[in-house]
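Spelled out, the chains give:
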Amino acid sequence: MGTSISESRQTAAYPLLKGQKALVTGANSGIGKATAIGLGKVGADVVVNYVSDRESAEAVVREIESFGVRAYAHEADVSQENQVAEMISRMVDEFGTIDVLVANAGLQRDAAATDMTLAQWQKVLDVNLTGQFLCAREAAKEFLRRGVVPEVSKSAGKIICMSSVHQIIPWAGHVNYAASKGGVLMMMQTLAQEFAPHKIRVNAVAPGAIRTPINRDAWDSPAAEADLLRLIPYRRVGDPEDIATAVAALASDLFDYVVGATLYVDGGMTLFPGFATGG
Ligand code: BGC
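Okay, so let's go over this structure. (Residues numbered from 1 in each chain as written. Predicted model: local features only at pLDDT ≥ 70, side-chain atom pairs only at ≥ 80, totals over all residues. Heavy atoms only, no water.)

**Some words on the site of the ligand**
Here is step 1 of the chain: Around the ligand, a shell composed of Q108, S164, H166, W171, Y177, G208, A209, I214, N215 and M269 is seen.
Here is step 2 of the chain: One of the side-chain N or O atoms of N215 is found 3.2 Å from an oxygen atom in the ligand.
Here is step 3 of the chain: Compared with its free state, where it exposes 310 Å², the ligand has 90% of that area covered by protein.
Here is step 4 of the chain: A molecule is said to occupy a pocket when more than half its atoms come within 2 Å of that pocket's grid points, and by this definition the ligand occupies the largest pocket. (Near = heavy atom within 4 Å. Polar contact = N/O pair within 3.5 Å; in protein donor to acceptor, adjacent residues only side chain to side chain. Areas by Shrake-Rupley, 256 points an atom, 1.4 Å probe, with all protein chains shown as cover. 1 Å grid on protein atoms, 1.4 Å probe; cavity = no way out; pocket = protein on both sides within 12 Å on 5 of 7 lines; lining within 4 Å. Sits in = over half its atoms within 2 Å of the grid points.)

In structure tokens, the structure reads:
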């Protein structure tokens, strides 16, 4: 006989991430902010990374602390190797270790391909792809050093890459962004393959259209929102909290056997909505 539901509930760790130490990059706005707050709500101590606007990061810290867990803000540009190394080493000093990395920091610099400057191309690749790699590499070193601590988690560490539906949906006018997220998909799967034998789980969350500052033009007028909803079978623009809950679940031991997966949180945007009536 298998374990009954009540037995497994007794052994599951609630709150979900109690005692775990999480770093969320780009955590002072949008999806990163909601995720940092969401992880605090389920028991994690949280480092709130930001690159500018310290006040907004401090506000996120205060909100997380209201749940009775620890938090602090840390300024670092994720595309800078030394700043990333410094951020993780301070986290080990302050919190003792890192259990969960949410590599979230990302940006858009949109332009038609023929107008796109090398600087626009490079900036997006640097932050969205190289930044995730640097954070994953530094976090993994600490996971490997520490290994599994069974009282805390079944795995030695969790890396969650913030990807996008554009890791598989081509996006005219955004070639730098789509290329960066396509890169995140293969980086995530490769790191998952490489680290899994060490009990490190690497996965991705791929949001669709979420109401945040990055895509304000796509939802902040009724006409724009109506246009956007044609791409979303579930007919709702996502909220940052939709992503936060997915990240918390994926980071928890409830998802311990999920390795190298992408969880699309997109109201069905990746379901080829144009084919609902055509084809
Ligand atoms: C982009 C948003 C866009 C969404 C759906 C996200 O990754 O950052 O600007 O609205 O994908 O297209």
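**Some thoughts on the packing of helix α5 (residues 118–146) against helix α6 (residues 175–195)**
Here is step 1 of the chain: At a minimum axis distance of 8 Å, the contact between α5 and α6 shows a crossing angle of 15°. The orientation of α5 relative to α6 falls into the category roughly parallel. Both α5 and α6 take part in a crossing whose hand is right-handed. In this structure, α5 contributes Q120, W121, V124, L125, N128, L129, Q132, F133, A136 and A140 to the contact, and α6 contributes V175, N176, Y177, A179, S180, K181, G183, V184, M187, L191 and F195.
Here is step 2 of the chain: Of the residues belonging to the contact of α5 with α6, the class tally is 14 nonpolar, six polar and one charged. (Axes fitted to C-alpha atoms, helices over the stretch in contact; angles between N-to-C directions. Helix = DSSP H or I, 4+ residues; strand = E, 2+ residues; numbered from the N terminus. Parallel < 35°, antiparallel > 145°, perpendicular 65-115°, else oblique. Left-handed = near helix turned anticlockwise from the far one by under 90°. Contact = heavy atoms within 4.5 Å. Nonpolar A, V, L, I, M, F, W, Y, C, P; charged D, E, K, R; others polar.)

**A few points about the layout of surface pockets**
Once rolled over the atoms, a probe with the size of a water molecule shows which space is left empty.
Here is step 1 of the chain: In this model, the largest pocket occupies a volume close to 1200 Å³.
Here is step 2 of the chain: G106, Q108, Y177, T212 and I214 are the residues nearest the centre of the largest pocket, which is lined by 50 residues in total.
Here is step 3 of the chain: Of all the secondary structure elements, the ones that give two or more residues to the lining of the largest pocket are α2 (30–41), β2 (45–50), α5, α6 and α7 (222–229).
Here is step 4 of the chain: In this model, the second largest pocket occupies a volume close to 190 Å³.
Here is step 5 of the chain: In this structure, the second largest pocket is lined by 13 residues; those nearest its centre are A34, G38, K41, E241 and A244.
Here is step 6 of the chain: Among the secondary structure elements, those contributing two or more residues to the lining of the second largest pocket are α2 and α8 (240–251).
Here is step 7 of the chain: Broken down by element, the lining of the second largest pocket gets its largest block of residues, six residues, from α2.
Here is step 8 of the chain: A breakdown of the residues in the lining of the second largest pocket according to their chemical character gives six nonpolar, three polar and four charged. (Points joined across faces, edges and corners; volume = space filled by probe spheres on them.)

**Here's the deal with the state of the cysteines**
Here is step 1 of the chain: Counted according to the given criterion, the structure contains zero disulfides.
Here is step 2 of the chain: Considering cysteine sulfurs only, C161 is the nearest to C135, which forms no disulfide, with 9.9 Å between them.
Here is step 3 of the chain: Taking the relative accessible area as the measure of exposure, C135 reaches 1% and is therefore buried. (Disulfide = S-S within 2.5 Å. Buried < 20%, exposed > 50% of the residue type's maximum accessible area, 1.4 Å probe, protein only.)

**What about a nonpolar patch on the surface?**
Here is step 1 of the chain: The grouping of L118, W121 and V175 at the surface amounts to a nonpolar patch, some 280 Å² of accessible area in total.
Here is step 2 of the chain: Exposure remark for L118: the relative accessible area of 62% places this residue in the exposed category. (Patch = residues over 30% accessible without salt bridge, like charges linked within 9 Å, V, L, I, M, F, W, Y side chains within 5 Å. Salt bridge = Lys/Arg side-chain N within 4 Å of Asp/Glu carboxyl O.)

**A closer look at helix α3 (residues 54–65)**
Residue pairs spaced three or four apart in an α-helix point in one direction, given the helix's 3.6 residues per turn.
Here is step 1 of the chain: Along its twelve residues, α3 runs 16 Å from first to last C-alpha, staying within 8% of the 16 Å computed at 1.5 Å per residue.
Here is step 2 of the chain: Along α3, the residues that are buried comprise S56, A57, V60, V61 and I64. Along α3, the residues classed as buried sweep out an arc of 150° about the axis, all on the same side.
Here is step 3 of the chain: Buried-residue contacts for α3 involve α2, β2 and β3 (71–75). (Expected span 1.5 Å × (residues − 1). Arc of directions from axis to C-beta.)

**Topic: unusual backbone geometry**
A negative phi angle is the norm for most residues apart from glycine, just as the trans form is the norm for most peptide bonds.
Here is step 1 of the chain: Even without glycine at this site, K199 takes up a positive phi of about 65°.
Here is step 2 of the chain: Position of K199 among the secondary structure elements: in the loop between α6 and β6 (200–207).
Here is step 3 of the chain: The backbone phi angle of R235 is positive, close to 55°, even though this residue is not glycine.
Here is step 4 of the chain: On the secondary structure map, R235 appears in the loop between α7 and α8.
Here is step 5 of the chain: Taking the relative accessible area as the measure of exposure, R235 reaches 52% and is therefore exposed.

**Describing the side chain of N203**
Here is step 1 of the chain: Its place among the elements puts N203 in strand β6.
Here is step 2 of the chain: At a separation of 3.0 Å, a polar atom in the side chain of N203 contacts the main-chain amide nitrogen of G260.
Here is step 3 of the chain: Excluding anything up to four places from it in sequence, N203 contacts I159, I160, C161, M188, L250, V258, V259, G260 and A261.

**Description of the pairing of strand β5 (residues 157–162)**
As a general feature of sheets, a regular strand has side chains that alternate between the two faces.
Here is step 1 of the chain: A large share of β5 lies buried, amounting to six of its six residues.
Here is step 2 of the chain: Of the two faces of β5, the one holding G157, I159 and C161 and the one holding K158, I160 and M162 are both buried throughout.
Here is step 3 of the chain: Relative to β5, strand β4 (residues 100–103) runs parallel, the two sharing four bridges. Pairing of V100 across the sheet is with K158, part of β5.
Here is step 4 of the chain: Between the parallel elements β4 and β5, the chain passes through α5 in a crossover that is right-handed.
Here is step 5 of the chain: Pairing analysis gives six bridges linking β5 to β6, with the strands arranged parallel. The residue bridging M162 from the neighbouring strand is V205, located in β6.
Here is step 6 of the chain: For the segment spanning β5, α6 and β6, crossover handedness is right-handed. (Pairing = 2+ DSSP bridges. Right-handed = clockwise from strand over helix to strand, strands pointing away.)

Without other data, these values stay purely geometric and don't point to any function.
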